[in-house]
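Observations on the model geometry
Here's the letter readout for the chains.
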Amino acid sequence: MKGACTATRTCFEDYLVRRLEPAERRAVRDHLDICTECWSAWNAYRWDRAADSVLLAELRTYLEETGQPYTPARDSSRELAATWNTTGPTTDDRTAFFRKSEAYLYNLVVWHASGNRPPYVAEASLLLAQHKIKNITEVGSGIGSDTLALTALGHAVTPIDYDSPSTQFARWRQRRAEIPDVVHQPGAPLGGPAPEALWIIDTLDHIPNPEEQLGSLLAASRIVVAEAQQPARAHGSHGYYIRRTPDEVNRIFASYGLAPASASPAVSVWWKSGSARWTAFDT
């Protein structure tokens, strides 16, 4: 934004769809963290961008059917940060923050519906098909968008997440899509076939102890798909993220025989020795 106090719509669009170079993107992120005027404009912009989306229409219908109010253009991101800064640091159970949060439901919806969220499923679909992945366990399934998209591609998906306003919405969406409206609680017995792939998008940085909470799934899976690992992943002012470097993530997965594989701009992949050679992202 070159020091200007109000960002242009062009800047917002480039920022939203990740057309900016990393240094430029960090500069915008840093500015939005400190400039209330620009943040308010950005929040309005992304809700305007989401206005005609199917997902936002689904949220409105869901809230209407369940008798809940709809809050247009809710500044859910700042609301989440403020709530965490008030209660999070003194709360031992981090998951309670997300289990109760209606603001997180709104935040996930606008992230998806505005086009701000990277195209994780689209970029991993070739890899999953190439290696004939059928059974996928999804940890941190949230509002269910990846569950629905992966199911539509023919995968058998087992979603896992805590009961919350977000997963209640996800189950409503699953019923509408005529698939089982089941979201498993973390740690509960899953039953069924062992996972071939673990799908854990934008969830690693919410998990305090991955070895304890993911160990059995990492041991069973031959493929892990997560968001692209970056040396300094920016989270803005949100204090509820647990920041880990790519090396730290690699060390955790290596203890379960998982090694880094080729990656696309949106996702990173780990695989176990003896699995087929990875070629999906080769150029």
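Note that the coordinates shown come from a computational prediction; the quantities given were computed from them, not determined experimentally.

If you tally the helices and strands in the protein, you get 12 helices and 6 strands. Taken across its 283 residues, the protein has 49% of its residues classed as buried. Across the protein, contacts joining residues at least 24 apart in sequence account for 70% of those joining residues at least 6 apart. Surface summary for the protein: the accessible area is close to 13,600 Å², and the carbon and sulfur share equals 52%.

Let's shift gears to the packing of helix α4 (residues 54-65) against helix α10 (residues 165-176). At a minimum axis distance of 11 Å, the contact between α4 and α10 shows a crossing angle of 100°. As far as their axial angle goes, α10 and α4 are roughly perpendicular. Residue-level contacts link Leu55, Glu58, Leu59, Thr61, Tyr62 and Glu65 of α4 to Pro165, Gln168, Phe169, Trp172, Arg173 and Arg176 of α10.

The next thing to look at is the nonpolar core. Membership of the largest hydrophobic core comes to 43 residues, with the highest contact counts inside it found for Leu59, Val109, Phe169, Trp199 and Val225. No other element matches the 9 residues that helix α7 (residues 102-113) contributes to this core. Dropping the residues within four chain positions of it, Trp199 is found in contact with Tyr120, Val121, Ala124, Leu128, Ile136, Thr137, Glu138, Val139, Asp146, Leu150 and Val225.

Here the focus is the sheet that holds strand β3 (residues 197-200). Pairing in this open sheet of 6 strands is mixed, and the strands run β2-β1-β3-β4-β6-β5 from one edge to the other. The open sheet is flanked by β2 (156-160) and β5 (258-260), the only strands paired with a single partner. This sheet shows a mean twist of 25° between the axes of neighbouring strands, independent of strand direction. Here 5 bridges tie strand β1 (residues 135-139) to β2, and the two strands are oriented parallel to one another. Looking at the pairing, Thr137 lines up with Thr158 of β2.

In the structure shown here, the tally under the stated rule is 12 aromatic pairs. Cluster of aromatic residues (ring-pair linked, three or more members): Phe12, Tyr15, Trp42 and Tyr45. For the cation-ring pair, Arg74 lies above Tyr106, with the distance from its terminal atom to the ring centre recorded as 4.7 Å. Looking at Arg99, its charged tip hangs above the ring of Tyr162, at a distance of 5.3 Å from the centre.

The next point concerns the confidence of the model for the protein. Summarising the model, the protein shows a mean pLDDT of 88, and 88% of its residues fall at 70 or more. Segment residues 278-283 is flagged for pLDDT under 50; beyond a separation of four residues in sequence, or across chains, it makes 20 contacts in the model.

With that settled, the discussion passes to the packing of helix α5 (residues 76-87) against α7. Look at α5 against α7: their axes get within 8 Å of each other, and the N-to-C directions meet at 140°. Between α5 and α7 lies a crossing of left-handed hand. Residue-level inspection shows Ser76, Ser77, Glu79 and Leu80 of α5 in contact with α7, the latter providing Ala103, Tyr104, Tyr106 and Asn107. Across the contact of α5 with α7, the residue classes tally to 4 nonpolar, 3 polar and 1 charged.

With respect to the element layout, Arg74 can be found in the loop between α4 and α5. The exposure class assigned to Arg74 is buried, which follows from its relative accessible area of 13%. Arg74 has contacts with Asn43, Trp47, Glu79, Glu102, Ala103 and Tyr106, leaving out every residue within four places of it along the chain.

A separate point is α10. Between its first and last C-alpha, α10 extends 17 Å over 12 residues, near the 16 Å set by a 1.5 Å rise per residue. Buried residues belonging to α10 abut α4, α6 (95-99), α7 and α9 (145-152). Positive backbone phi, approximately 60°, marks Glu178, located one or two places after α10.

As a further point, take unusual backbone geometry. The backbone of Lys132 shows a phi angle near 55°, a positive value even though the residue is not glycine. Tracing the backbone shows Lys132 in the loop between α8 (120-130) and β1. For Lys132, a relative accessible area of 67% gives the class exposed. One non-glycine residue, Glu178, adopts positive backbone phi at about 60°. Along the chain, the position of Glu178 falls in the loop between α10 and β3. Residue class for Glu178 comes out exposed when judged on its relative accessible area of 74%.

Parameters and conventions
- Residues numbered from 1 in each chain as written.
- Predicted model: local features only at pLDDT ≥ 70, side-chain atom pairs only at ≥ 80, totals over all residues.
- Heavy atoms only, no water.
- Helix = DSSP H or I, 4+ residues; strand = E, 2+ residues; numbered from the N terminus.
- Buried < 20%, exposed > 50% of the residue type's maximum accessible area, 1.4 Å probe, protein only.
- Contact = heavy atoms within 4.5 Å.
- Areas by Shrake-Rupley, 256 points an atom, 1.4 Å probe, with all protein chains shown as cover.
- Axes fitted to C-alpha atoms, helices over the stretch in contact; angles between N-to-C directions.
- Parallel < 35°, antiparallel > 145°, perpendicular 65-115°, else oblique.
- Core = buried A, V, L, I, M, F, W, Y, C linked by side-chain atoms within 4.5 Å.
- Pairing = 2+ DSSP bridges.
- Phe/Tyr/Trp six-rings, centres within 6.5 Å; stacked < 30°, edge-to-face > 60°.
- Lys NZ or Arg CZ within 6 Å of the ring centre and 35° of its normal.
- pLDDT = per-residue confidence, 0-100.
- Left-handed = near helix turned anticlockwise from the far one by under 90°.
- Nonpolar A, V, L, I, M, F, W, Y, C, P; charged D, E, K, R; others polar.
- Expected span 1.5 Å × (residues − 1).

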